[in-house]
Amino acid sequence: MTLQLLVRSFSFSLLHPLRTATGVVAKRRGWLLRLCDGDTGAVGWGEVAPLRTEQWLHCKILMGALPEEVSRNQLEVLIHQGPGAFGFGLGSALAELDGLVGDLSSQPWQEAPPPAHLLPAGDQMLMALDQVLMDCPASHSLTFKWKVATEASEREQRWLEQLLVRLPRNARLRLDANGGWDRSTAGVWLERLRQESRFDWLEQPLAVDDHEGLEQLAQRGSVALDESLERRPELRDSWMGWQVRRPAVDGDPRPLLRQIQAGVPYRMVSTAFESGIARRWVHHLAALQWVGPTPAAPGLAPGWCPEGALFSHNPELVWAAAG
């Protein structure tokens, strides 16, 4: 089978720069893929948008080498030749072409459940928290994710105490350190929070190369892996706790789709700030996870991406907006 492949670049700026322990995310850029079967007219869409600069440069080389006519076998081999974002772009297009998702599937694209609210790092956190609480009815069950490990731990611990005072009794809280803590600091935070009834987990509290420390910490309380799963994909099969999965940079999405459809527990779906083409996948997987054995509010970061056709669920509109 020979497939026609078109590529188009896109970029956009976040409404607010996102500061983490590893740096600042202010802009997203990448490529959209349109994969067409000339015999049937079926179309599959993909998106390649790595988060790290070195991965973006690698993907740029790979994208430039893609032919306009390509076989399925070529694409299946290429999926594993680059960063996870590259594998996602090719795998997601093939999956849609095959009817595993989308209009050709027996199950249409699903809408995501209510997401967690992403709180900014630093002293902006409490203001953002108050705004969400003001905008949302008190009866709503809210989940918050706060970016930590960007300031001195003592300062952030003081903000944590203020956050916990404000946090409704039926709310949930996740803290994301992006690998920015050492074992001692992470232990102090976990000790403070592990008896807190509203606490979900510490997300990637230690560096990805300190897996021993992460395992020891997980024996004391709830720890979720994020960056570790990208650096060491084999952990996706062995880590028994929560896994924060970002489909758009995770690699070929078909294995994760199969896992969630099969009811594998402790998978939480999160955004990497996508265009509408990849967003369909994030929302769809989040919806399937929500009806699984361990439902968790997805990390969709509402209010951080701009609006417009580039973020439509209609891929044709996204394609036109990118051009």
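Refer to the preceding data block for the structure.
All of the points below concern the structure found in this document. Keep in mind that this is a model prediction, so the values were computed, not measured.

1. Remarks on the packing of aromatic side chains
- Summed over all chains, the structure comprises ten aromatic pairs.
- Here W109 and W281 contribute two aromatic rings whose centre-to-centre distance is 5.9 Å and whose plane-to-plane angle is 70°, an arrangement assigned as edge-to-face. Note that W109 is positioned in the loop between α3 (84-97) and β5 (117-119) and W281 in helix α11 (residues 276-290), a separation of 172 residues in sequence. Side by side, W109 and W281 carry an identical accessibility label, which is buried.
- Look at W201 and W242: their rings are 4.9 Å apart centre to centre, the planes differ by 35°, and that puts the pair in the tilted class. On the criterion of sequence distance, the pair formed by W201 in strand β8 (residues 199-203) and W242 in strand β10 (residues 242-245) is long-range, its members being 41 residues apart.
- Judged by relative accessible area, which is 1%, W201 ranks as buried.

2. A word on the sheet that holds strand β4 (residues 69-71)
- One open sheet accounts for four strands, arranged β3-β2-β1-β4; its pairing is antiparallel. Edge positions in the open sheet fall to β3 (43-48) and β4, since each of these has one partner strand only. Neighbouring strand axes in the sheet, compared pairwise and without regard to direction, differ in orientation by 40° on average.
- Sheet topology places strand β1 (residues 2-20) next to β4; three bridges connect them, and they run antiparallel. Residue pairing in the sheet places Q4 in a bridge with E69 of β4.
- Where helix α1 (residues 53-65) meets the sheet, it contacts β1, β2 (23-37) and β3, and its direction lies at approximately 20° from that of β2.
- Of the strands in this sheet, β2 and β3 are in contact with α11, which crosses β3 at around 95°.

3. Let's talk about the pairing of β1
- As paired elements, β1 and β2 share 14 bridges and run antiparallel to each other. Looking at the pairing, V7 lines up with L33 of β2.
- Counted along the chain from β1 to the antiparallel partner β2, the turn is two residues long.

4. Some words on the environment of G303
- Note that G303 resides in the loop between α11 and α12 (315-322).
- The class for G303 is partly exposed, based on a relative accessible area of 47%.
- Once the C-alpha coordinates of G303 and H117 are considered, the two residues, 186 residues apart in sequence, prove to be 8.7 Å apart.
- Not counting the four nearest positions on each side in its chain, G303 is found in contact with L15 and H16.

5. As for the sheet that holds β5
- Taken in spatial order, the seven strands line up as β5-β6-β7-β8-β9-β10-β11 in an open sheet, and their pairing is parallel. Either end of the sheet is taken by a strand with one partner, and the two such strands are β5 and β11 (267-269). With direction set aside, neighbouring strand axes in the sheet form an average angle of 25°.
- When β5 meets strand β6 (residues 143-147), the two strands line up parallel, connected through three bridges. Paired with L118 across the strands is K145, a residue of β6.

6. Structural notes on the pattern of salt bridges
- One pass over the structure, following the stated rule, counts 26 salt bridges.
- With a closest N to O distance of 2.5 Å, D98 and R72 form a salt bridge. Linking D98 in the loop between α3 and β5 with R72 in helix α2 (residues 72-78), this pair joins segments that are 26 residues apart in sequence.
- Looking at D98, the relative accessible area reads 41%, which means it is partly exposed.
- Because the salt bridges share partners, they merge into one network encompassing R52, E54, D226, E230 and R246.

Analysis parameters
- Residues numbered from 1 in each chain as written.
- Predicted model: local features only at pLDDT ≥ 70, side-chain atom pairs only at ≥ 80, totals over all residues.
- Heavy atoms only, no water.
- Phe/Tyr/Trp six-rings, centres within 6.5 Å; stacked < 30°, edge-to-face > 60°.
- Helix = DSSP H or I, 4+ residues; strand = E, 2+ residues; numbered from the N terminus.
- Buried < 20%, exposed > 50% of the residue type's maximum accessible area, 1.4 Å probe, protein only.
- Pairing = 2+ DSSP bridges.
- Axes fitted to C-alpha atoms, helices over the stretch in contact; angles between N-to-C directions.
- Contact = heavy atoms within 4.5 Å.
- Salt bridge = Lys/Arg side-chain N within 4 Å of Asp/Glu carboxyl O.

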